[in-house]
Amino acid sequence: MPHADFSHFVGIDWTGAKGKRHAGLAVAVCEAGEGAPKMVSPPSGHRRWSRQDCASWLAGGLGRRKGERVLVGIDSSFGMPFVDEGAYLPGDVLPADVKALWAHVADLCGPEGDFYGGPFVDEHAAYYLRSRGAETLKGRHYSRRMRVPEQLAVDSGAGPCESVFHLIGPSQVGLSGLSTMAMLHHLNRQDHIAIWPFDDMTDARTVVVEIYAAAFAALGGHRGKIRDMAALRPILNRLGAKRMPRLGLDFTDHAADACVTAAALRQIHHDRKYWNPQALSAMVRRTEGWVFGIE
């Protein structure tokens, strides 16, 4: 099985925040086995990651040796709703497949702006609900649409999901997804990287999947934010980690989510059902993608 020989598992808690260095971007790695997840610091030497740092690290092989293979999970949307209305933004002329969508997003939100998604929202403001100061701006085409895997996550109880077009409140994910799509466009130029479920991953040394951190925490028996080591420890134990990460004063809920993601990927990656969800049709695969771990 092309998905059964990973040596390392990386969890990335992503952020769509404006700026260049992000407290909300955290990276953890697990080796195969039962060891503890370990936090990864930016190779640039900065204390905090930028999205460009992360993209360069992924493109450069994540510091892994020849022969090692890595499964990377990013807690962010890799696509936008399409199947429900037969278009990403009905009424606008946009491509009808996800890789062309990535290219369009990247044209507006490139690495020079640390992949910040704001320019895409400005260009297509009619489809978004957003705020400006105390004012709420509702685009004339705004609808709280969801992708197929997002709706399935809600219906199955895996966790709440927010529409990528709803940009108000702490649960908003739209800007995060746009920055990820811009980055994926650049990563997809690397022959050694496959992005699931869009690419053939047979010979890829790095496979990147979209994950939902809340669903992985639920696999570990937890709901809600992970606020301290006392909460993190039993989650990681249930996910197969026999030793705990040394977070100390660096503990944040973002670091905890990255650790849980890495451990969960290690535990479930060998299970065929997660690579072949029943609702992952050819249309969904081409236009929306999937959330790894959602059946």
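This section reports on the structure supplied with the text. These numbers were taken from a predicted model, which means no experiment stands behind them. (Residues numbered from 1 in each chain as written. Predicted model: local features only at pLDDT ≥ 70, side-chain atom pairs only at ≥ 80, totals over all residues. Heavy atoms only, no water.)

### Some remarks on the overall build of the protein
1) Next: Summing up its helical and strand segments, the protein has 10 helices and 8 strands in all.
2) Next: Relative to its full complement of 295 residues, the protein shows a buried share of 54%.
3) Next: Total accessible area on the protein is roughly 13,100 Å²; 48% of this is exposed by carbon and sulfur atoms.
4) Next: On the protein, the mean spot of the 34 positive side-chain charges and the mean spot of the 32 negative ones are 5 Å from each other. (Helix = DSSP H or I, 4+ residues; strand = E, 2+ residues; numbered from the N terminus. Buried < 20%, exposed > 50% of the residue type's maximum accessible area, 1.4 Å probe, protein only. Areas by Shrake-Rupley, 256 points an atom, 1.4 Å probe, with all protein chains shown as cover. Lys, Arg positive; Asp, Glu negative; His and termini not counted. Charge placed at Lys NZ, Arg CZ, Asp CG, Glu CD.)

### Some thoughts on the sheet that holds strand β1 (residues 8-13)
1) Next: Here 6 strands make up an open sheet; going across it, the order is β3-β2-β1-β4-β8-β7 and the pairing mixed. Every interior strand has two partners, whereas the edge strands, β3 (38-39) and β7 (193-195), have only one. (Pairing = 2+ DSSP bridges.)

### Describing the state of the cysteines
Chemically, a disulfide is nothing more than a covalent bond linking the sulfur atoms of two cysteines.
1) Next: Under the defined criterion, the tally for this structure stands at 0 disulfides.
2) Next: Free of any disulfide, Cys30 has its nearest neighbouring cysteine sulfur in Cys259, separated by 7.3 Å.
3) Next: For Cys30, a relative accessible area of 0% puts it in the buried group. (Disulfide = S-S within 2.5 Å.)

### So, helix α1 (residues 51-59)
1) Next: Considered for burial, the residues of α1 that qualify are Arg51, Asp53, Cys54, Ala55, Trp57 and Leu58.
2) Next: Contact partners of the buried residues in α1: β1, β2 (26-31), β4 (70-74), α5 (174-187) and β7.
3) Next: Once α1 finishes, Gly61 follows within two positions and takes phi at roughly 100°, a positive value. (Contact = heavy atoms within 4.5 Å.)

### Re helix α4 (residues 148-156)
1) Next: Regarding α4, the residues found buried are Pro149, Glu150 and Ala153. An end-on view of α4 places all buried positions within 105° of arc, on one side of the element.
2) Next: Count one or two residues on from α4 and you reach Gly157, which has phi positive near 85°. (Arc of directions from axis to C-beta.)

### A word on the side chain of Thr15
1) Next: Among the secondary structure elements, Thr15 is positioned in the loop between β1 and β2.
2) Next: In this structure Thr15 comes out as buried when scored by relative accessible area, which is 12%.
3) Next: There is a polar contact of 3.1 Å between the side chain of Thr15 and the backbone nitrogen of Ala17.
4) Next: Setting aside anything within four residues of it in sequence, one finds Thr15 in contact with His22, Gly24, Leu25, Arg51, Ser176 and Ser179. (Polar contact = N/O pair within 3.5 Å; in protein donor to acceptor, adjacent residues only side chain to side chain.)

### Let's talk about the packing of aromatic side chains
1) Next: All told, the structure shown has 9 aromatic pairs when counted by the stated rule.
2) Next: On the numbers, 5.2 Å between centres and 85° between planes, the contact of Trp102 with Phe198 is edge-to-face. Separated by 96 residues along the polypeptide, Trp102 in helix α2 (residues 98-108) and Phe198 in the loop between β7 and β8 (206-210) bring together distant segments of the chain.
3) Next: The buried category is assigned to Trp102, whose relative accessible area is 1%.
4) Next: Here the aromatic residues Trp196, Tyr274, Trp275 and Phe292 are joined through ring pairs into a cluster of three or more. (Phe/Tyr/Trp six-rings, centres within 6.5 Å; stacked < 30°, edge-to-face > 60°.)

### Structural notes on the nonpolar core
Side chains that are nonpolar tend, in soluble globular proteins, to be buried together.
1) Next: Judged by nonpolar contacts, the single largest core of 50 residues is most densely connected at Val10, Ile12, Val27, Leu58, Val72, Met80 and Tyr128.
2) Next: Taken together, the elements giving at least two residues each to this core come down to β1, β2, α1, β4, α2, α3 (118-123), α5 and β7.
3) Next: At 7 residues, α5 tops the list of elements feeding residues into this core.
4) Next: With near-sequence residues (within four places) excluded, Leu58 lies in contact with Ile12, Val72, Met183, Leu187, His192 and Ile193. (Core = buried A, V, L, I, M, F, W, Y, C linked by side-chain atoms within 4.5 Å.)

Such coordinate-based values are descriptive only and should not be taken to indicate function.
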